[in-house]
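# Structure assessment
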Amino acid sequence: MERDVVIVGAGVVGAAIARELARLDLRVTMLEAAPDVGAGTSKANTALLHTGFDAKPDTLEAGLVARGCELLREYAPRVGIPLEHPGALLVAWDEGQVGEFGGIVERAQANGYSAMRELDAAELYRREPNLGPGARGALEVPDEGLICPFTTPLAFATEAVLAGCELRTRTALTAAQRLPGGGFGLETGNGALTTRMLVNAAGLYSDEIDRLVGHCNFSVTPRRGELIVFDKLARPLVDHIVLAVPTKVSKGVLVSPTVFGNVMVGPTAVDIERKDDTSSTEEGLAYLRKETGRILPALLDHEVTAVYVGLRAATEHGDFQIAFADGYACVAGIRSTGLSASMAIAEHVRDGLGLGELEPRRGLAQPRMPNLGERFPRPFAQGELVEKDPDYGRIVCFCERVTRGEIRDALAGPIPPTDLDGLRRRTRAHMGRCQGFFCGARLDAMLAQAAGDG
């Protein structure tokens, strides 16, 4: 066989699997239809590190989120992924929601999480004085965290590539068949290859890949989630992740700080037809603004920096759809908790493919990712670093204080960006108040020069 494992999809889950398997003595290839890793669902989520307290007990999701949170809490600081621990407050706005607290605590305890405690209204407003009027109390979830949604899949993919994983971007899988002697023959837009094992981590397109292999166990319905990101000047308004009491339909709208220093509101949850429809809607944004005015009214006095739309890979099933069959692993139905569960999903796939007994290779390089977090040292503020290399003091993007040195490093990295969106996810350039109005042309020129076009 040409390859031992081919992974379809380089989002946060596919990249985590690639990292896990590339650490073993295996020939691993990761295919991604987009120009970059983490360019689909993974880049537009709420960027929370979930404890799994609210997952349905005894589901695959519940176990993998709890384990993934544990793994990512250890991994993130080791490789430089921005991670904060503000904790969450699950706020009740009427007596009916207060009545839900007992069941939520029971569910959390069934999931192995027992650190929650109830706050009365007085203590809640002492903790979050800018909340809108009428809150009746809250459940504190002290271990919920914030994490960078951009750096996480890039760190996984970088570590995989440094360990020998072949990454093929702009490469869609178009056909797959089981071979008579075992394994799979694959056709892509960039040629054919064979593999002993195949991992389907294609997110929104995982049902289509599943059918290529001859299965039909689920269908993906894109679920649109719209998000509003408010200016950094709004950051002092809120200290915790403010969660809603979940319903049978949705977890509701949250208000949360971000590791980038902004405040985010969202998401909506609307099933749509097209898997490429990431357009925002008048109705969705109006709903989010209405919820903002109810939950944190002072936030509406601040400017909006950006609006994002993510599509979650919802299926007709309530749990993760992870299954194994003769060298094939299907990893589907991974919704908003996929970022938190990603490293545990990778372990689960490793073991499900019968690879858990393989010894990790020695001497593997571990990446150190550039810091994108606002509450961690940024290059422009590090005098010794600037003295050694003045490019770290030459700011290109003034909104986000991104320097020429950071952009240079990203363009020369193991997985360099090929467009502005990729450069933004690696540096924060083009991500601030002016949305590239000031720095866009210069960033284009630097990208073209790095590609040999300028």
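### Remarks on the packing of helix 11 (residues 404-411) against helix 12 (residues 420-427)
Axis separation between helix 11 and helix 12 bottoms out at 10 Å; the angle between their running directions is 115°. You can see that helix 11 and helix 12 cross each other, and the crossing is right-handed. Where helix 11 approaches helix 12, its residues Glu406, Ile407, Ala410 and Leu411 are matched on the opposing element by Leu423, Arg426 and Thr427. For the contact of helix 11 with helix 12, the residue count by class is four nonpolar, one polar and two charged.

### Things to note about the packing of helix 2 (residues 60-79) against helix 9 (residues 338-352)
The N-to-C vectors of helix 2 and helix 9 enclose an angle of 100°; their axes lie 6 Å apart at closest approach. Here helix 2 lies roughly perpendicular to helix 9, going by the angle between them. For the pair formed by helix 2 and helix 9, the contact residues are Leu60, Leu64, Val65, Arg67, Gly68, Cys69, Leu71, Leu72 and Tyr75 on the first element and Leu339, Ser340, Ala341, Met343, Ala344, Ile345, Glu347 and His348 on the second. Split into classes, the residues belonging to the contact of helix 2 with helix 9 amount to 12 nonpolar, three polar and two charged.

### Focus: helix 8 (residues 282-295)
With 14 residues, helix 8 ought to run about 20 Å at 1.5 Å a step, and its terminal C-alpha atoms sit 20 Å apart, in line with that. Every buried residue of helix 8 is listed here: Gly284, Leu288, Glu291, Thr292 and Ile295. Viewed end-on, helix 8 has its buried residues packed into an arc of 105°, placing them on one side of the element. Along helix 8, the residues that are exposed and aim more than 90 degrees away from the buried face are Glu282, Glu283 and Lys290. Those residues of helix 8 hidden inside the fold are in contact with strand 13 (221-230), strand 14 (241-244), strand 15 (254-257) and strand 16 (263-266).

### With respect to the sheet that holds strand 3 (residues 48-49)
In space, the three strands of this open sheet follow the order 3-8-4, with antiparallel pairing throughout. Every interior strand has two partners, whereas the edge strands, strand 3 and strand 4 (83-84), have only one. Taken together, the two bridges between strand 4 and strand 8 (residues 145-147) define a ladder with antiparallel strand orientation. Each bridged residue has a counterpart across the sheet, and for Glu84 the counterpart in strand 8 is Leu146.

### Let's talk about the packing of aromatic side chains
Scanning the model with the defined rule gives three aromatic pairs in all. With centroids separated by 5.5 Å and ring planes inclined at 20°, the aromatic side chains of Phe150 and Phe260 adopt a geometry described as stacked. Of the two residues, Phe150 is situated in the loop between strand 8 and helix 6 (151-162) and Phe260 in the loop between strand 15 and strand 16; the sequence distance between them amounts to 110 residues. Between the NZ or CZ atom of Arg294 and the centre of the ring of Trp93, over which it lies, the distance is 5.2 Å. Lying across the ring of Tyr392, Arg408 places its NZ or CZ 5.2 Å from the centre.

### A look at the side chain of Arg19
Residue placement: Arg19 occurs in helix 1 (residues 12-22). A distance of 3.0 Å separates the side chain of Arg19 from the side chain of Glu159, its partner in a polar contact. When near neighbours in sequence (up to four residues on either side) are disregarded, Arg19 contacts Tyr75, Phe156, Glu159, Ala160 and Met343.

### A few points about the side chain of Glu84
Looking at the secondary structure, you find Glu84 in strand 4. Within the buried set, Glu84 has no salt-bridge partner at all; the shortest N-O distance to an opposite charge, 4.2 Å, is to Arg375. Once residues within four sequence positions are removed from consideration, Glu84 is found in contact with Gly145, Leu146, Thr258, Val259, Arg375 and Phe376.

### Brief notes about unusual backbone geometry
In this chain, Gly266 is followed by Pro267 through a cis amide linkage whose omega measures -10°. Secondary-structure assignment places Pro267 in the loop between strand 16 and strand 17 (270-271). Backbone geometry places Arg428, a non-glycine residue, at a positive phi of 80°. With respect to the helices, strands and loops of the structure, Arg428 is situated in the loop between helix 12 and helix 13 (440-450). Unusually for a residue other than glycine, His430 sits at a positive phi of about 80°. Here His430 is to be found in the loop between helix 12 and helix 13.

### Let's talk about the state of the cysteines
Enumeration over the complete set of coordinates arrives at zero disulfides. Residue Cys399 stays outside any disulfide, its sulfur separated by 3.7 Å from that of Cys434, the closest cysteine. Note on Cys399: relative accessible area 27%, which makes it partly exposed. For Cys434, a relative accessible area of 28% translates into the label partly exposed.

### A short note on the nonpolar core
In terms of nonpolar packing, the biggest core is built from 79 residues, with Ile7, Ile17, Phe53, Val199, Val331 and Ile345 touching the most fellow members. Setting aside chain neighbours within four positions, we find Phe53 in contact with Leu90, Ile104, Arg107, Ala108, Asn111, Tyr113, Met116, Val141, Glu144 and Leu243. Counting residues in hydrophobic clusters, the runner-up holds 22 residues, among them Trp93, Leu119, Ile228 and Ile295.

Conventions used here
Residues numbered from 1 in each chain as written. Predicted model: local features only at pLDDT ≥ 70, side-chain atom pairs only at ≥ 80, totals over all residues. Heavy atoms only, no water. Axes fitted to C-alpha atoms, helices over the stretch in contact; angles between N-to-C directions. Helix = DSSP H or I, 4+ residues; strand = E, 2+ residues; numbered from the N terminus. Left-handed = near helix turned anticlockwise from the far one by under 90°. Contact = heavy atoms within 4.5 Å. Nonpolar A, V, L, I, M, F, W, Y, C, P; charged D, E, K, R; others polar. Parallel < 35°, antiparallel > 145°, perpendicular 65-115°, else oblique. Expected span 1.5 Å × (residues − 1). Buried < 20%, exposed > 50% of the residue type's maximum accessible area, 1.4 Å probe, protein only. Arc of directions from axis to C-beta. Pairing = 2+ DSSP bridges. Phe/Tyr/Trp six-rings, centres within 6.5 Å; stacked < 30°, edge-to-face > 60°. Lys NZ or Arg CZ within 6 Å of the ring centre and 35° of its normal. Polar contact = N/O pair within 3.5 Å; in protein donor to acceptor, adjacent residues only side chain to side chain. Lys, Arg positive; Asp, Glu negative; His and termini not counted. Salt bridge = Lys/Arg side-chain N within 4 Å of Asp/Glu carboxyl O. Disulfide = S-S within 2.5 Å. Core = buried A, V, L, I, M, F, W, Y, C linked by side-chain atoms within 4.5 Å.

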